[in-house]
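# Tertiary structure, described
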Amino acid sequence: MKLTKRTIDSTVYQGTNNARYVLWDDEVPGFGCRIFPSGAKSFVLSYRAAGRKRMMTIGTYGVLTLDQARKTARAELAKVETEGSDPLADREKERRGETLADLCAAYLDRHASTKKTGQEDQRRINKHILPRWGALKVKALTREDVVKLHAKIGATAHYEANRVVNLLSTMFDLARRWGFVSQDHPNPARDITLFKETKRDRWLTPAELPRLAEAIDQEANAIARAALWLYLLTGARKSELLAARWDRVDWDRGELKLDDTKNGKVFYVPLSGPALALLRSIPRVAGNPYILPGRGPRTANADEKAQTASHLINIEKPWARVKTAATLAAWREDPRAAALIDRLTEAYARNQHRNAPKKFTPTPPLDAIRAAATAEGLELPPAIDDVRLHDLRRTVGSWLAQSGNSLHLIGKVLNHSDTKTTAIYARFGEDSVRAALEQHGARIMDVAGFATTTPVPESAPNNP
């Protein structure tokens, strides 16, 4: 029968043993009014989704009118027929409300785990996204929220701020695919004006390299020392070089095979004579296949180390020591700066803690030296502590360019998959072109009978 308000009002529960009792409507298939033993009445909708029979409550009779409930039932049935959706499942998901923490977990498991940069994604999620929005519902994140986070991070780190926005944009594209939000849900990280990024252009100059080389050779950690030299000699990426294995070295061909590279392709690093000599000087650890072996994780006994076959993971601390030593060496070449460093060192020694090691060297931090120099109006010589590990790779590219090598060749050496990445070295190539023209000009002037330091006279013929 077609449900009417009079029918619903006049009907009482007629089931037995609390069994479900529903007045079904002939006008809308699956639509009806359920009557409970208590006398309460609710509109319901019965349908099939993916072969499963489902029944959902539309609303309470009295709160919703019959016409309102019937209209809602038609709309939900239309979704089932045209979209293949499951209204009850959608409602349960809406009520449960996945949070950003849920989406982040799914992203790290399903997507980031397959990426070379997955660890960076996890670091950014842990640092920027979860502390701020972990408990927030996915659908509740707004574009304004993302804009504010972008601005906050960008106050000190433009590149990092842009990467976080890109990460969020990817996550929300996947959120639609994975059902965290509806297909028409707007991506809150889209159409946000990113900060302008200036490509880093730091590399070691011929004047800086001797001090850095001396500081590397003075580093106590022999494995880290070898790693730094290999960076300079090969230009390999840090993660790829740290994971290099002895069985990938072809001594006859002078090559190092890298299986797990950034672009996902096998790459053969040519090994120069100095690089081969360095490899031969590195002692091998029994049972450890890695060229740069690590110490392995701690065991349950804190005084012992597990002898696992691991490679060196992080050399940031040795690298920091090397940069500091090289910078101090550069500064000490200035007598006034050397005197300032000595005074500060004596002051630090006087304040040395009584429990400090006997071989403790009270060298003041570089920032303290800079502050003292500024206070005294002393301009310190150029420092080296701004050089990053990746800049050693950039140094290889820049020096190759200055030697007149083509960008194509440099890209092959550094295993660049995108020519735009190699383009940063173009200006160094221009320097070699300029030097060639200078040499050519000197020769022309010499043959023409003019001194090389003498400009071309105005009376010289203009025609070739």
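For the structure itself, consult the block above.
Now for a description of the structure that goes with this document. Quick caveat: nothing in here was measured; it's all calculated off a predicted structure.

## A look at the overall build of the chain
The helix and strand inventory of the chain stands at 18 helices and seven strands. Out of the 464 residues in the chain, the part that is buried amounts to 39%. Put simply, 56% of the contacts in the chain that link residues at least 6 apart link residues at least 24 apart. Accessible area of the chain: about 28000 Å², with a carbon and sulfur share of 52%.

## Some remarks on the sheet that holds strand S1 (residues 22-24)
Read from one edge of the open sheet, four strands run S1-S2-S3-S4, paired in antiparallel fashion. Only two strands of the sheet have a single partner each, and these edge strands are S1 and strand S4 (52-60). Neighbour to neighbour, the strand axes of the sheet diverge by 30° on average, direction disregarded. Two strands pair when backbone bridges link them, and S1 and strand S2 (residues 31-35) are joined in this way by three bridges, in the antiparallel orientation. Note on S2: the bridge partner recorded for Val-22 is Arg-34.

## Remarks on helix H9 (residues 222-234)
When the terminal C-alpha atoms of H9 are compared, their 18 Å separation across 13 residues agrees well with the 18 Å that a helix rising 1.5 Å per residue should span. Within H9, the full set of buried residues consists of Ile-223, Ala-224, Ala-226, Ala-227, Leu-228, Leu-230, Tyr-231, Leu-232 and Thr-234. For H9, the capping residue at the N-terminal end is Asn-221, with a side-chain oxygen 3.1 Å from the backbone nitrogen of Ile-223. Of the residues one or two after H9, Gly-235 is the one with positive phi, at around 75°.

## Side note on the nonpolar core
The biggest cluster of nonpolar side chains holds 39 residues, and the ones touching the most others in it are Leu-212, Leu-228, Leu-256, Ile-291, Leu-292 and Leu-392. For this core, the secondary structure elements donating two or more residues are helix H8 (209-218), H9, helix H10 (238-242), strand S6 (255-258), strand S7 (267-270), helix H11 (273-281), helix H12 (316-332) and helix H15 (389-402). Per-element tally for this core: the top contributor is H9, with eight residues. For Leu-392, the contacting residues outside a window of four places in its chain are Leu-204, Leu-212, Leu-228, Tyr-231, Leu-232, Trp-319 and Val-387. Counting 27 residues, the second largest nonpolar core, distinct from the first, contains Ile-125, Val-138, Val-146 and Ala-161.

## A look at the pairing of S6
Note that strand S5 (residues 249-250) and S6 share two bridges and pair antiparallel. Bridge assignment links Val-249 to a residue of S6, and that residue is Leu-256. For S6 and S7, the ladder comprises four bridges, and the chain directions are antiparallel. By the bridge assignment for S7, Leu-258 is matched with Phe-267.

## Considerations on the packing of aromatic side chains
This model, assessed by the stated rule, comprises four aromatic pairs. Relative to Tyr-21, the ring of Tyr-13 has its centre 6.1 Å away and its plane inclined at 85°; by these criteria the two rings are edge-to-face. Judged by its relative accessible area of 17%, Tyr-21 falls in the buried class. Between Phe-43 and Tyr-61 the ring centres are 5.7 Å apart and the planes differ by 85°, which places this aromatic pair in the edge-to-face class. Within this pair, whereas Phe-43 is found in strand S3 (residues 41-49), its partner Tyr-61 is found in the loop between S4 and helix H2 (66-83), the two being separated by 18 residues in sequence. Tyr-61 sits in the buried class, given a relative accessible area of 18%. Three or more aromatic residues joined by ring pairs make a cluster, and in this case those are Phe-31, Phe-43 and Tyr-61. Here the basic side chain of Arg-245 rests over the ring of Tyr-290, its NZ or CZ set 5.7 Å away from the ring centre.

## Things to note about the pairing of S4
In terms of strand pairing, S3 meets S4 through eight bridges, oriented antiparallel. Note that in S4 the partner of Phe-43 across the bridge is Gly-59. Hairpin geometry of S3 and S4 is characterised by an intervening segment of two residues between the two adjacent antiparallel strands and by a positive phi of about 55° at Ala-50.

## Some remarks on the environment of Val-413
Positionally, Val-413 belongs in helix H16 (residues 407-414). Looking at Val-413, the relative accessible area reads 25%, which means it is partly exposed. C-alpha of Val-413 to C-alpha of Tyr-268: the two residues are 145 residues apart in sequence and 9.1 Å apart in space.

## Structural notes on the packing of helix H6 (residues 143-154) against helix H7 (residues 158-178)
Between H6 and H7, the shortest axis-to-axis distance is 7 Å and the interhelical angle comes to 155°. The pairing of H6 with H7 is recorded here as roughly antiparallel in orientation. The interaxial crossing formed by H6 with H7 has right-handed handedness. Of H7, the residues touching H6 (which contributes Val-146, Leu-149, His-150, Ile-153 and Gly-154) are His-158, Glu-160, Ala-161, Asn-162, Val-164, Val-165 and Leu-168. Class assignment for the residues of the contact of H6 with H7 results in seven nonpolar, four polar and one charged.

Calculation rules
- Once a new chain begins, its residue numbering starts again from 1 and follows that chain's sequence as written.
- Restriction of local features to residues with pLDDT of at least 70 applies here, the model being predicted, together with a cutoff of 80 or more for giving and counting side-chain atom pairs; totals for whole chains, interfaces and linings are based on all residues.
- With hydrogens and water excluded, all non-hydrogen atoms of the structure serve as input to the side-chain values.
- Secondary structure is summarised from DSSP: a helix means a run of H or I of at least four residues, a strand means a run of E of at least two, and numbering begins at the N terminus for each.
- Each residue is placed in one exposure class: buried if its accessible area under a 1.4 Å probe, protein chains only, is under 20% of its type's maximum, exposed if it is over 50%, and partly exposed if it falls in between.
- Every residue pair with non-hydrogen atoms within 4.5 Å of one another is taken to be in contact.
- Accessible surface area values rest on a Shrake-Rupley calculation with a 1.4 Å probe, where residue burial reflects the displayed protein chains alone.
- Strand pairing is assigned whenever DSSP detects at least two bridges linking the two strands.
- Fitting a line to C-alpha atoms yields each axis, with helices limited to the stretch in contact; the angle taken between N-to-C directions then spans 0 to 180 degrees.
- One less than the residue count of a helix, multiplied by 1.5 Å, gives the span that helix is expected to have.
- Within 3.5 Å is the distance limit for a polar contact, defined as a pair of N or O atoms, with the added protein rule that one can donate a hydrogen and the other accept it, and that residues adjacent in sequence qualify only through two side-chain atoms.
- Among buried residues, the Ala, Val, Leu, Ile, Met, Phe, Trp, Tyr and Cys ones that are joined through side-chain atoms within 4.5 Å form a nonpolar core.
- Stacked, edge-to-face and tilted labels apply to pairs of Phe, Tyr and Trp rings (six-membered ring for Trp) whose centres lie within 6.5 Å, assigned for plane angles under 30 degrees, over 60, and everything in between, in that order.
- The rule for a charge over a ring is simple: NZ of Lys or CZ of Arg within 6 Å of the ring centre, and within 35 degrees of the ring normal.
- Relative orientations are named as follows: roughly parallel for angles under 35 degrees, roughly antiparallel for angles over 145 degrees, roughly perpendicular for angles from 65 to 115 degrees, and oblique for any other angle.
- Two helices cross in a left-handed way if the nearer one is turned anticlockwise from the farther one by less than a right angle. They cross in a right-handed way if the turn is clockwise.
- Residues are sorted three ways: Asp, Glu, Lys and Arg are charged, Ala, Val, Leu, Ile, Met, Phe, Trp, Tyr, Cys and Pro are nonpolar, and all the rest, Gly among them, are polar.

Any functional reading would require information beyond the geometric quantities listed.
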